[in-house]
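Commentary on secondary and tertiary structure
Listed below are the residues making up each chain.
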Amino acid sequence: MADKTKKTGAPLLKTFAGLWSKYSYVFVFIIILIVYAITINANGNRFNPGHISGILSSQNTVIVGTMAIGMAMIIITGQIDLSLGSSLVLCTGVTILSYNASGGNVLVMLIAALGSGLICGLINGCLVGYAKMPPFIVTLGTMLIYRSLTLSVVREIDPALTGSSSSQFSMISDMASYDFLRMKFGTGSLWLGKVQIPYISFLFVALTLLFIFIMSNTKYGKSIYAVGSNEKTARLTGINVEGVKVSVFAVTGLLVGVASFIQACKIGNVTPASSGTSYEMYAIAAVVLGGVNMAGGKGKILGVFFGALSYTTINFIIVSIPALSPDIQDTFQGIVLIVVILIQTLGPVIKEKFNSLRKKSKAAKA
């Protein structure tokens, strides 16, 4: 009987290990969500679908998550982008300014968002890909430039165009399209059963599905993985390595543009001095929680989706604990990030040693 149980348990354990290896980001999210539910109930409240809706509509899920898709592509190629938060601020400023100046024209607003994001991404990409500068240094520099430019511009432009004081860009609320953008798209939701799904979450899901397809089923997606796995081998197989490097920054710029459009519609304003602070780090955290290897060459866009959900839920757990000060929030976020990377680093080593010991044990029995 014991042998039968042992034989039955071994395949189950092996199956679970295989599922964990492939979809660890799903299990991580479920575990974090359970902890969040326990925390809510412990505070005398009842965990309900409204909490799920809150996770889906959070800035950390939708806005940071959208940018994290691009960050994942950059990291998979073995690079990094530290300018995402500042790029978001600049692009949102341009987006809102275009909206106000055009009399509330949504098409002009969208073109401005995507165009400004693409330009920011191309600047980073060309300096990294063609000028062969280190991505860390390039994006550290543009991080400072983009925010500083936005801050100086908002102080010089007529408040009638910025829609606010000399420190903030705000959408003018008396435009005809304002209610549609802010109340319908930006903060509106669709009821699916008992769960309220924000419209902006549908956009995030659509982008996730699009990039899952691109990364998994196109030659371009495979070339991104090839560059991140082994740049020299990728070059020998005919891949334009520099072009791929430039392109992932450009695509990320477009995604920042989409995020800036969402920011404008959801929040309605942007403050250059403080908005988007540390968003690049939050995007990296979502990517890491999603199982993307920081060394490059490995990772899934679906993991980034769950990574963004996990990161948001972690924030909600911290906020829901009254004893914890908001000032210590980044401490817990940093600890989670380090632990996840530690697991990524030690996991393969432990697995290799375990397999080695198992082989030796089998050899000894033989």
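Let us look at the structure shown here. Throughout, a residue's number is its position along its own chain's written sequence, starting from 1. With the structure being a predicted model, the display of local features is reserved for residues of pLDDT at least 70 and the display and counting of side-chain atom pairs for 80 or more, all residues being used for whole-chain, interface and lining totals. Heavy atoms throughout the structure, all of them, feed into the side-chain values; hydrogens and water do not.

**Considerations on the overall build of the chain**
Helix and strand counts for the chain come out as 15 helices and 4 strands. Each radius of gyration is computed over the set of C-alpha atoms, and the globule rule expresses the reference value as 2.2 Å times the number of residues to the power 0.38. Its C-alpha atoms give the chain a radius of gyration of 23 Å, within 12% of the compact-globule value 21 Å for 366 residues. Projected onto the principal axes, the alpha-carbon positions of the chain cover approximately 85 × 60 × 35 Å. For every residue, the accessible area obtained with a 1.4 Å probe (protein chains only) is divided by the maximum for its type, and the residue is called buried under 20%, exposed over 50%, and partly exposed between those limits. Looking at the 366 residues of the chain, the share that counts as buried comes to 46%. Areas reported as accessible are Shrake-Rupley estimates using a 1.4 Å probe. Residue values count occlusion only from the protein chains shown. Carbon and sulfur atoms make up 68% of the accessible area of the chain, which totals about 18,200 Å². Here the chain contributes 27 positive and 12 negative side-chain charges, whose respective centroids are spaced 22 Å apart. Starting at the N terminus, helices and strands are each numbered in turn, a helix being any DSSP run of H or I of at least four residues and a strand any DSSP run of E of at least two. When charges are counted, Lys and Arg contribute as positive and Asp and Glu as negative, whereas His and the chain ends are disregarded. To locate a charge, the coordinates of NZ of Lys, CZ of Arg, CG of Asp or CD of Glu are taken.

**Focus: the environment of threonine 331**
Tracing the backbone shows threonine 331 in helix α15 (residues 329-365). What makes threonine 331 partly exposed here is its relative accessible area of 41%. Between the alpha carbons of threonine 331 and alanine 364 there is a distance of 48 Å; along the sequence they are 33 residues apart.

**Points about the packing of helix α2 (residues 49-57) against helix α14 (residues 301-319)**
Two elements in contact, α2 and α14, have axes separated by 9 Å at closest approach and are oriented at 120°. With respect to α14, the axis of α2 lies oblique. Like other packed secondary-structure pairs, α2 and α14 cross with a definite hand, here right-handed. Across the interface between the two elements, Gly54, Ile55 and Leu56 of α2 pack against Leu309, Thr312, Thr313 and Phe316 of α14. Classifying every residue of the contact of α2 with α14 by side-chain character gives 4 nonpolar, 3 polar and no charged. For helices, the fitted axis covers only the stretch in contact; all axes are lines through C-alpha atoms, and the angles between them, taken along N-to-C directions, range from 0 to 180 degrees. Each angle receives one of four descriptions, namely roughly parallel if under 35 degrees, roughly antiparallel if over 145, roughly perpendicular if within 65 to 115, and oblique otherwise. Handedness of each helix crossing follows the sense of rotation of the near helix against the far helix: counterclockwise by less than a right angle gives left-handed, clockwise gives right-handed. In this analysis, two residues are considered to be in contact whenever any of their non-hydrogen atoms come within 4.5 Å of each other. In the scheme used here, Gly and all other residues not listed as nonpolar or charged are polar, with Ala, Val, Leu, Ile, Met, Phe, Trp, Tyr, Cys and Pro taken as nonpolar and Asp, Glu, Lys and Arg as charged.

**Re the pattern of salt bridges**
What makes a salt bridge here is a side-chain nitrogen of Lys or Arg within 4 Å of a carboxyl oxygen of Asp or Glu, nothing more. This structure, assessed with the given rule, holds 4 salt bridges. With its nearest N and O atoms 3.3 Å apart, the salt bridge here joins glutamate 231 to arginine 235. Of this pair, glutamate 231 and arginine 235 both sit in helix α11 (residues 231-236), 4 residues apart, roughly one helical turn. Given a relative accessible area of 38%, arginine 235 falls into the partly exposed group.

**Observations regarding the packing of helix α9 (residues 199-217) against helix α10 (residues 219-229)**
The N-to-C vectors of α9 and α10 enclose an angle of 70°; their axes lie 5 Å apart at closest approach. With respect to their mutual orientation, α9 and α10 come out roughly perpendicular. The segment α9 lies against α10, with Ile214, Met215, Ser216 and Asn217 engaging Lys219, Tyr220, Gly221, Lys222, Ile224 and Tyr225.

**Focus on the pairing of strand β2 (residues 189-192)**
Strands are labelled as partners when DSSP assigns at least two bridges between them. Where β2 meets strand β3 (residues 195-198), 4 bridges bridge the pair, whose relative direction is antiparallel. Note on β3: the bridge partner recorded for serine 189 is proline 198. In this structure, the hairpin formed by β2 and β3 is closed by a connection of 2 residues, where glycine 193 is found at a positive phi of approximately 70°.

**As for the nonpolar core**
Among buried residues, those of type Ala, Val, Leu, Ile, Met, Phe, Trp, Tyr and Cys that are joined through side-chain atoms within 4.5 Å constitute a nonpolar core. Ranked by internal contacts, the top residues of the largest apolar core, which has 89 residues, are Ile69, Met71, Met73, Met109, Met171 and Phe211. Element by element, the count of residues in this core is highest for helix α12 (residues 241-266), at 13 residues. Non-local contacts of methionine 109, meaning those with residues more than four positions away in its chain, are made with Thr95, Ser98, Tyr99, Met171, Leu181, Phe261, Ala264 and Cys265.

**A look at the side chain of aspartate 81**
Residue placement: aspartate 81 occurs in the loop between α3 (59-76) and α4 (84-101). Of the side chains bearing the opposite charge, arginine 147 lies closest to the buried aspartate 81, which forms no salt bridge; the N-O distance is 12 Å. Sequence-distant contacts of aspartate 81, that is, excluding residues within four places in its chain, are made with Met71, Ile74, Asn124, Thr139, Phe249, Thr252 and Glu280.

**Section: a nonpolar patch on the surface**
A cluster of nonpolar side chains, contributed by Ile119, Ile123, Leu127 and Met133, occupies part of the molecular surface with about 320 Å² of accessible area. Since its relative accessible area comes to 35%, methionine 133 is described here as partly exposed. Patch membership is restricted to residues that have no salt bridge and whose relative accessible area is over 30%. Joining uses 9 Å for like charges and 5 Å for the nonpolar side chains Val, Leu, Ile, Met, Phe, Trp and Tyr.

**Things to note about unusual backbone geometry**
If you check the backbone angles, lysine 132 has positive phi at about 60° while not being a glycine. Position of lysine 132 relative to the elements: it lies in the loop between α5 (106-129) and α6 (135-156). A relative accessible area of 57% places lysine 132 in the exposed class. Even without being a glycine, serine 278 presents a positive backbone phi close to 70°. By the element assignment, serine 278 lies in the loop between β4 (269-270) and α13 (279-289).

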